[in-house]
Amino acid sequence: MKSLIVFFSRTGNTRKIADKLSLITGSEKEDVEEGKDTGDIKDYPVIFLLSPVWDGRLPGPVRSYVAKRDWRGKKIYPLITNGGLMGSIYPEIISLCKGGRVDEPLSVRFIFEDQKTEDPEIEAWAGRIMRSNLMF
Ligand SMILES: Cc1cc2nc3c(=O)[nH]c(=O)nc-3n(C[C@H](O)[C@H](O)[C@H](O)COP(=O)(O)O)c2cc1C
C-alpha cells in the first residue's frame, strides 16, 4: 500500500525523524509549511502524521491541514515529537481525522534537539506498520 509522510517541523526535530522514516519505508514526504496547504492525500491509504506537540495540542498549521482533508478509509499513524507532555494531542488527532483509523501512536521524545527515543524503537514501529499494511 502506498504511504505518505505528512510532517511539520519548526526547529528541525520532526524533520529529522521524517527523513529517517522516509529512508526506512520509502515513503514520499509532504512538508506542512505555514501558508502552504496544497498537498493531496487522495492516493495514499496509509499516512504517517509527524508533528511536534505544542501546548498539549497540534500546532495550528497541522490542525488546519488535517481539518481540511478527507480521511475516510485511511489509516493514520501519528508520530509526535515532544518534551514529555502530550496533553490532548491524540484525542485531537482522532477527532480531526474523521472516518479514518488512527492507530499505533508513537511518542518520540526530545530534550531540545537531543533525541531521547532511540532509533531502533522508531525502526521497530515502522516495521510493524509496514508488515501490517503489506508495504514491502
Ligand atoms: C510553542 C511550543 C510549544 C511546545 N509545547 C510542548 C508541550 O506542550 N509538550 C511537550 O512535551 N513539548 C512541547 N514543546 C516541545 C516540542 O514539542 C519539541 O521540542 C519538538 O520536538 C519540536 O519539534 P520540531 O523541532 O520539529 O519543531 C513545545 C515547543 C514549542 C516551540
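So, how was this worked out
- Residues numbered from 1 in each chain as written.
- Predicted model: local features only at pLDDT ≥ 70, side-chain atom pairs only at ≥ 80, totals over all residues.
- Helix = DSSP H or I, 4+ residues; strand = E, 2+ residues; numbered from the N terminus.
- Rg over C-alpha atoms; globule rule 2.2 N^0.38 Å.
- Near = placed C-beta within 6 Å.
- Contact = placed C-beta atoms within 7 Å.
- Core = buried A, V, L, I, M, F, W, Y, C linked by C-beta atoms within 7 Å.
- Buried ≥ 20, exposed ≤ 12 C-beta atoms within 10 Å, placed from the backbone.
- Arc of directions from axis to C-beta.
- Pairing = 2+ DSSP bridges.
- Right-handed = clockwise from strand over helix to strand, strands pointing away.

Visitor: Please give an account of the overall build of the protein that cites residues and values.
Guide: Per the secondary structure count, the protein includes four helices and seven strands. When the helices and strands of the protein are read in sequence order from the N terminus, they spell out β-α-β-β-α-β-α-β-β-β-α. In summary, the protein has a C-alpha radius of gyration of 14 Å against a globular reference of 14 Å for 136 residues, a match within 12%. Oriented by its inertia axes, the alpha-carbon framework of the protein measures out at about 35 × 30 × 25 Å.

Visitor: Give me the lowdown on the site of the ligand, citing residues and values where you can.
Guide: Close to the ligand lie 19 residues; Ser9, Thr11, Asn13, Thr14 and Pro52 are nearest. Within the residue set of the shell around the ligand, elements represented by two or more residues are helix H1 (13–25) and strand E4 (75–82).

Visitor: An account of the environment of Val108 is requested, with residue identities and associated values reported.
Guide: Inspection of the secondary structure puts Val108 in strand E6 (residues 106–111). Sequence separation of Val108 and Ser51 is 57 residues, and the distance between their C-alpha atoms is 9.9 Å. Aside from chain neighbours lying at most four places away, what touches Val108 is Ile17, Leu79, Thr81, Thr117 and Ile122.

Visitor: Can you explain the nonpolar core? Please cite residues and give values.
Guide: Residues Ile5, Val6, Ile47, Phe48, Leu49 and Leu50 are the most contacted members of the largest nonpolar core, which totals 33 residues. Among all residues touching Val6, those that are not within four sequence positions of it are Glu30, Val32, Ile47, Phe48, Leu49 and Leu50.

Visitor: Residue-level account of helix H2 (residues 60–67), with values.
Guide: Turning to H2, its buried residues are Val62, Tyr65 and Val66. Within H2, the buried residues cover an arc of 95° as seen down the axis, which keeps them to one side. Set apart from the buried face of H2 by more than 90 degrees, the exposed residues are Gly60 and Ala67. For H2, the secondary structure elements touched by its buried residues are strand E3 (46–52) and helix H3 (89–96).

Visitor: Any details on the pairing of E3? Residues and values, ideally.
Guide: A large share of E3 lies buried, amounting to seven of its seven residues. Here E3 shows two buried faces, one formed by Val46, Phe48, Leu50 and Pro52 and the other by Ile47, Leu49 and Ser51. In this structure, strand E1 (residues 3–7) lies alongside E3, joined through five bridges in parallel fashion. Looking at E3, one finds that Val6 is bridged to Leu49. Of the crossover connections in this fold, the one passing from E3 over H2 to the parallel E4 is right-handed.

Visitor: Describe in detail H3, supporting the description with residues and values.
Guide: All of the buried residues in H3 are Ile89, Ile93 and Leu96. Along the long axis of H3, the arc covered by the buried residues comes to 70°, so they all point the same way. When the buried face of H3 is taken as reference, the exposed residues oriented beyond 90 degrees from it are Pro91 and Ser95. Summarising the contacts, the buried residues of H3 are in contact with E3, H2, E4 and strand E5 (101–102).

Visitor: With reference to specific residues and values, describe the environment of Ile80.
Guide: Within the secondary structure, Ile80 is located in strand E4. Placed 66 residues apart in sequence, Ile80 and Thr14 show a C-alpha to C-alpha distance of 8.1 Å. Those residues within four positions of Ile80 in sequence are excluded, and the remaining contacts are Ser51, Val53, Met86, Ile89, Pro105 and Ser107.

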